[in-house]
Amino acid sequence: MPNIDWSKLGFGFSDVNCHIRYTWKDGAWSAPEFVKDPYITMHIGASCLHYGQECFEGMKAFRQQDGKIVIFRPEENAKRMYRTAVRCVMPPVPEEMFIDAAEQVIRANAEYVPPYGTGGSLYLRPLLIGTGPQIGVAPAKEYTFMIMVMPVGAYYKGGLKPVRAVILDDWDRAAPHGMGDVKVGGNYAASLFAHEKAKRDGWPVELYLDAKSHKFVEEFSTSNFLGITKDGKYVTPDSCSVLPSVTNLSLREVAADLGMPVERRQIPYEEIREFAAVAALGTAVVITPVWEITRGCEVVKISDETEVHPTLLKLYQTVQGIQYGELPDTHGWCHEVKV
Ligand SMILES: Cc1ncc(COP(=O)(O)O)c(C=O)c1O
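Notes on the structure in this doc start here. Here, residues in each chain are numbered from 1, in the same order as that chain's written sequence. In keeping with the predicted nature of the model, local features appear solely for residues at pLDDT of at least 70, side-chain atom pairs appear and are counted solely at 80 or more, and the whole-chain, interface and lining totals rest on all residues. Remark: hydrogens and water are excluded; side-chain values derive from all non-hydrogen atoms of the structure.

A word on the overall build of the protein chain
Right, so step 1: The secondary structure listing takes helices from DSSP runs of H or I that are at least 4 residues long and strands from runs of E that are at least 2 residues long, numbered from the N terminus. Looking only at helices and strands, one finds 6 helices and 18 strands in the protein chain.
Right, so step 2: This radius of gyration counts C-alpha atoms alone. The globule rule is 2.2 Å times how many residues there are, raised to the power 0.38. Computed over its C-alpha atoms, the radius of gyration of the protein chain comes to 20 Å, within 12% of the 20 Å expected for a compact globule of 339 residues.
Right, so step 3: Projected onto its principal axes, the C-alpha coordinates of the protein chain cover approximately 55 × 50 × 35 Å.
Right, so step 4: Evaluated residue by residue, the protein chain yields a buried proportion of 53% over its 339 residues.
Right, so step 5: Only heavy atoms enter the contact rule, under which two residues are in contact if any of them lie within 4.5 Å. Expressed as a percentage of contacts within the protein chain between residues at least 6 apart in sequence, the contacts between residues at least 24 apart total 71%.
Right, so step 6: Values of accessible area rely on a 1.4 Å probe in the Shrake-Rupley scheme; residue burial ignores everything except the protein chains shown. Accessible surface, the protein chain as shown: approximately 15,300 Å² in total, 55% of it carbon and sulfur.
Right, so step 7: The distance from the centre of the 35 positive side-chain charges to the centre of the 42 negative ones in the protein chain is 1 Å. Accessible area is worked out with a 1.4 Å probe on protein chains only. A residue is then buried under 20% of its type maximum, exposed over 50%, and partly exposed in between. This count recognises Lys and Arg as positive and Asp and Glu as negative, with His and chain-terminal groups excluded. A charge is said to be at NZ when it belongs to Lys, at CZ for Arg, at CG for Asp and at CD for Glu.

What to know about the packing of aromatic side chains
Right, so step 1: Geometry of aromatic contacts follows a simple scheme: Phe, Tyr and Trp rings, the Trp one being its six-membered ring, pair when their centres are within 6.5 Å, and the pair is stacked under 30 degrees between planes, edge-to-face over 60, tilted otherwise. This model, assessed by the stated rule, comprises 12 aromatic pairs.
Right, so step 2: Plain terms: the ring middles of Y116 and Y324 are 6.2 Å apart, the flat faces sit at 65° to each other, and that makes the pair edge-to-face. Note that Y116 is positioned in the loop between α3 (95-108) and β7 (121-130) and Y324 in the loop between α6 (310-323) and β18 (334-337), a separation of 208 residues in sequence.
Right, so step 3: For Y324, a relative accessible area of 7% translates into the label buried.

Quick notes on the site of the ligand
Right, so step 1: One heavy atom within 4 Å of a molecule or strand is enough for the residue carrying it to be called near that molecule or strand. Taken together, 16 residues lie near the ligand, and Y188, E219, S245, T247 and T283 sit nearest.
Right, so step 2: In protein, a polar contact requires one atom able to donate a hydrogen and another able to accept it; more generally it is a pair of N or O atoms within 3.5 Å, and residues adjacent in sequence count only if both atoms are side-chain atoms. Between the ligand and the protein, one listed contact pairs an oxygen atom with a backbone N or O atom of V246 at 2.9 Å.
Right, so step 3: A total of 380 Å² of accessible area belongs to the ligand in isolation, and the protein chains cover 95% of it.
Right, so step 4: Residue assignment for the shell around the ligand shows that the elements contributing at least two residues are α5 (246-257) and β15 (277-282).
Right, so step 5: Note on residue categories: nonpolar means Ala, Val, Leu, Ile, Met, Phe, Trp, Tyr, Cys or Pro, charged means Asp, Glu, Lys or Arg, and polar means any other residue, Gly included. For the shell around the ligand, the class distribution of residues is 4 nonpolar, 8 polar and 4 charged.

Quick notes on the packing of α5 against α6
Right, so step 1: Note on method: axes are straight lines fitted to C-alpha atoms, helices fitted across the in-contact stretch only, with angles between N-to-C directions ranging 0 to 180 degrees. Where α5 contacts α6, the axes come no closer than 10 Å and their chain directions differ by 110°. If you check the angle between α5 and α6, you find them roughly perpendicular. Pair α5 / α6 crosses with right-handed handedness. Residues L251, V254 and A255 of α5 form the contact with α6, whose participating residues are L315, T318 and V319.
Right, so step 2: A class-by-class count of the residues in the contact of α5 with α6 yields 5 nonpolar, 1 polar and no charged. To sort the angles, those under 35 degrees are grouped as roughly parallel, those over 145 as roughly antiparallel, those from 65 to 115 as roughly perpendicular, and the leftovers as oblique. When the near helix sits turned anticlockwise from the far one by under a right angle, the crossing is termed left-handed; a clockwise turn instead gives a right-handed crossing.

A word on the packing of helix α2 (residues 74-87) against α3
Right, so step 1: Viewed as axis vectors pointing N to C, α2 and α3 meet at an angle of 130°, and their least axial separation amounts to 9 Å. In terms of orientation, α2 and α3 fall into the oblique class. Between α2 and α3 lies a crossing whose hand is right-handed. Together, P74, E75, N77, A78, K79 and M81 of α2 and E95, F98 and I99 of α3 make up the contact between the two elements.
Right, so step 2: The residue inventory of the contact of α2 with α3, partitioned by class, reads 5 nonpolar, 1 polar and 3 charged.

With respect to the nonpolar core
Right, so step 1: Joining through side-chain atoms within 4.5 Å is the link that ties buried Ala, Val, Leu, Ile, Met, Phe, Trp, Tyr and Cys residues into a set, and such a set is a nonpolar core. Core analysis: the largest hydrophobic core is formed by 37 residues, its most contacted members being W29, I106, L124, L128, F145 and I147.
Right, so step 2: Mapped by element, the contributors of at least two residues to this core are β1 (19-25), β5 (59-63), β6 (69-72), α2, α3, β7 and β8 (143-152).
Right, so step 3: Discounting residues that sit within four places of it in the chain, W29 has contacts with Y22, T23, W24, P91, P92, V93, P94, M97, L128, Y143, T144 and F145.
Right, so step 4: One finds F72, Y156, I228 and W333 within the second-largest nonpolar core, a separate group that totals 26 residues.

Rendered as structure tokens:
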């Protein structure tokens, strides 16, 4: 067992046994290599460095109550990375290879999957990059696919903590029919400036409106938007420039199981004032309640600073319960990794 204080783990890089690596050349993927060195060497003209030919994923493996290790819905991440690769003219990683790679890298680092009860998980970061030299703008001829892993801690050490959000109308994240619905590094580069400004000014997350009209809610910089209406509906934006979140997909199914009406539709900015609860949704945290949203001089207070709406709590506990094997996995979301 590695000498780790699981209770002190945050969300950051830490050294493990290895990552898994494949290269694509002459139309085919290589056999996997297990690489200890976290540095990679590539050609100075690599297309990922110049033209942003790169994409990534984020997913988690959990050690369950009975000791099993499971990955949460890896086939959804495989499909999203496939779509992203096609959008960026990169050779897509077949779903079976993606899942096999995830299983193999977890097996090689099994002792880094945090013990049950610590609230931690093993974060998996699949990465696909153009590594062949490409000086004129065109897709590269060589690619590298890797999955790095690292143990991460419980995000909430003492219950869900609501945050304040801000809308900064001077910056957009993703244009309609641009790249917002796929997971490329450029989307995060596009949001970094506003994100750092928001943080400096006291808001941990920023919320984006649609880039064309600034009338409709889109998503936060690293998570989807959820509104709970006063009559108990689950409402989330339908937009071609929002990343389809695996967490949101799962929570919509959980909400439907709980008998909640689920709506995917345009959400006018003004409707924020009407919601009983608002939250940010994503793999890192599952649900982050948002208690207040500021836009220019307007401050919309959704709840008290420490209040967590019971529906958000129920959704959170259900997904975490399934992930840790405490609740029945009725949808078959947990993919077991035999070690
Ligand atoms: C822009 C953006 N939206 C939403 C999400 C949430 O997606 P998921 O639930 O698949 O982690 C993420 C995180 O991956 C993200 O970066």
